[in-house]
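Overview (structure and organization)
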Amino acid sequence: MLERINEAVKYINNLLPEQPEFVIVLGSGLGKLEDEVENKVVINYKEIPNFPQVTVEGHKGHLVYGTILGKKVLMMAGRFHYYEGYSMEEVTFPMRVFNGLGIKKVILSNASGGVNPDFQVGDILLVKDHINMMPEHPLRGKNIDELGPRFVDMSKAYDREMLNEAVEFAKANDILVHQGVYVGLQGPTFETPSEYGLVRFIGGDCVGMSTVPEVIVARHMDMRVFCVSIITDLGGPEISFDVSHEDVLNAANNAMPNVIKVVKSVIENC
Ligand code: HPA
């Protein structure tokens, strides 16, 4: 594993003018942040040794290096989901490469279904904690001591300073944000009403199909993590709205301008 990580790191390092400070995983709702990057260097996943490959035609699969507000960032446009059939090792391999590049700050975004009755479609949720309900753990197996400890402290998985910056910025700029708990499920089905009810019952505010494996592996390597989620649909035992992928994308796109503002404040001040 270490060798495979190092090969990818070496390849990317040769193409980067400088070491990035942040990595930003562009999930639903943050895609357009890519347009704001200056002095771009684009690296296709296809070129990178050992990198997982995008199998769905039309899906993005590249890294973008550049600057935002003068800060050096690396963006991941196109992520790997467990439900697509990638192993947990593949889903989290990019994060290990980013750590190998010396990046210690991670910004993730995703779309999720809201189960907190106070939420509305299009709301922004800053993830303050998660519950891992995925069927496989990305750190299962022999620990790679060079990357991190066997037993990882998850008491502050989401960085308090980055979270506070986002909260303060949102307050000062009249952007409504919630803080809450993201529950990670395998998918690819959206949840049944009873499953949304379960997510609420166990303490979740929202549910989605990504992020949790990446956060676990990032914390293993002691990277600092910030995550913003867009509530793209609502679910619960008494709610049976139809949910479609299209609805999710529309809601995410509508919330995007405010999400981008919040994320930029974290980039600028953390
Ligand atoms: N459930 C799981 N994943 C999701 C949802 C949802 O309701 N919305 C967007 N991603």
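About the criteria used
Throughout this document, residue positions are counted from 1 along each chain, in the order its sequence is written. In keeping with the model being predicted, local features are shown solely for residues with a pLDDT of at least 70 and side-chain atom pairs are shown and tallied solely at 80 or more, while totals for entire chains, interfaces and linings include all residues. Note that the side-chain values use all heavy atoms of the structure and ignore hydrogens as well as water. UniProt positions are given in the numbering used here, feature names are shortened, and annotations may be inferred rather than shown by experiment. Residue burial is assigned from relative accessible area. The probe radius is 1.4 Å, only protein chains are included, and a residue is buried under 20% of its type maximum, exposed over 50%, and partly exposed in between. To qualify as a helix, a DSSP run of H or I must reach at least 4 residues; to qualify as a strand, a run of E must reach at least 2; elements of each kind are numbered from the N terminus. Pairing between strands requires that DSSP locate at least two bridges from one strand to the other. Proximity is defined per residue: if any heavy atom of the residue lies within 4 Å of a molecule or strand, that residue is considered near it. Here a polar contact means two N or O atoms within 3.5 Å. Within protein one must be a hydrogen donor candidate and the other an acceptor candidate, and residues neighboring in sequence count only if both atoms are side-chain atoms. The Shrake-Rupley method, run with a 1.4 Å probe, gives the accessible areas here. Residue values count only the displayed protein chains as cover. Within this scheme a cavity is a closed region of a 1 Å grid, computed over the protein atoms alone, that accommodates a 1.4 Å probe without allowing it to escape, whereas a pocket is open but has protein on both sides within 12 Å along at least five of seven lines; lining residues each have an atom within 4 Å of a point. Each molecule is assigned to a cavity or pocket provided more than half of its atoms lie within 2 Å of the corresponding grid points. Basically, the charged four are Asp, Glu, Lys and Arg, the nonpolar ten are Ala, Val, Leu, Ile, Met, Phe, Trp, Tyr, Cys and Pro, and anything else, Gly included, counts as polar.

Under an unreviewed UniProt entry, the name given to the chain is Purine nucleoside phosphorylase, and the organism recorded is Empedobacter brevis NBRC 14943 = ATCC 43319. The Function (unreviewed entry) comment attached to the chain in UniProt states, word for word, "The purine nucleoside phosphorylases catalyze the phosphorolytic breakdown of the N-glycosidic bond in the beta-(deoxy)ribonucleoside molecules, with the formation of the corresponding free purine bases and pentose-1-phosphate." The Pathway (unreviewed entry) comment attached to the chain in UniProt states, word for word, "Purine metabolism; purine nucleoside salvage."

**Overview of the pairing of strand E7 (residues 177-184)**
Within a regular beta strand, the side chains point alternately toward one face of the sheet and then the other, so they alternate between its two faces. Most of E7 sits inside the fold, with 7 of its 8 residues counted as buried. As paired strands, strand E6 (residues 124-132) and E7 are joined by 8 bridges and run parallel to one another. Across the sheet, the residue bridging to Asn-132 is Gly-184, located in E7. Judged from the 3 bridges that link them, E7 and strand E8 (residues 206-208) form a sheet pairing that is parallel. Bridge pairing links Gly-184 to Gly-208 in E8.

**As for the site of the ligand**
In the vicinity of the ligand, the contacting residues are Ala-111, Ser-112, Gly-113, Phe-190, Glu-191, Tyr-196, Val-207, Gly-208, Met-209, Thr-232, Asp-233 and Val-248. The backbone of Gly-113 places a nitrogen or oxygen atom 3.4 Å from a nitrogen atom of the ligand. At 2.6 Å from an oxygen atom of the ligand is found a side-chain nitrogen or oxygen belonging to Tyr-196. Contact with the protein chains removes 96% of the 260 Å² of surface that the ligand exposes when unbound. At a threshold of 2 Å from the grid points, most atoms of the ligand map onto the largest pocket. Top contributing element to the shell around the ligand by residue count: strand E5 (residues 105-114), with 3 residues. Residues that form the shell around the ligand fall into these classes: 6 nonpolar, 4 polar and 2 charged.

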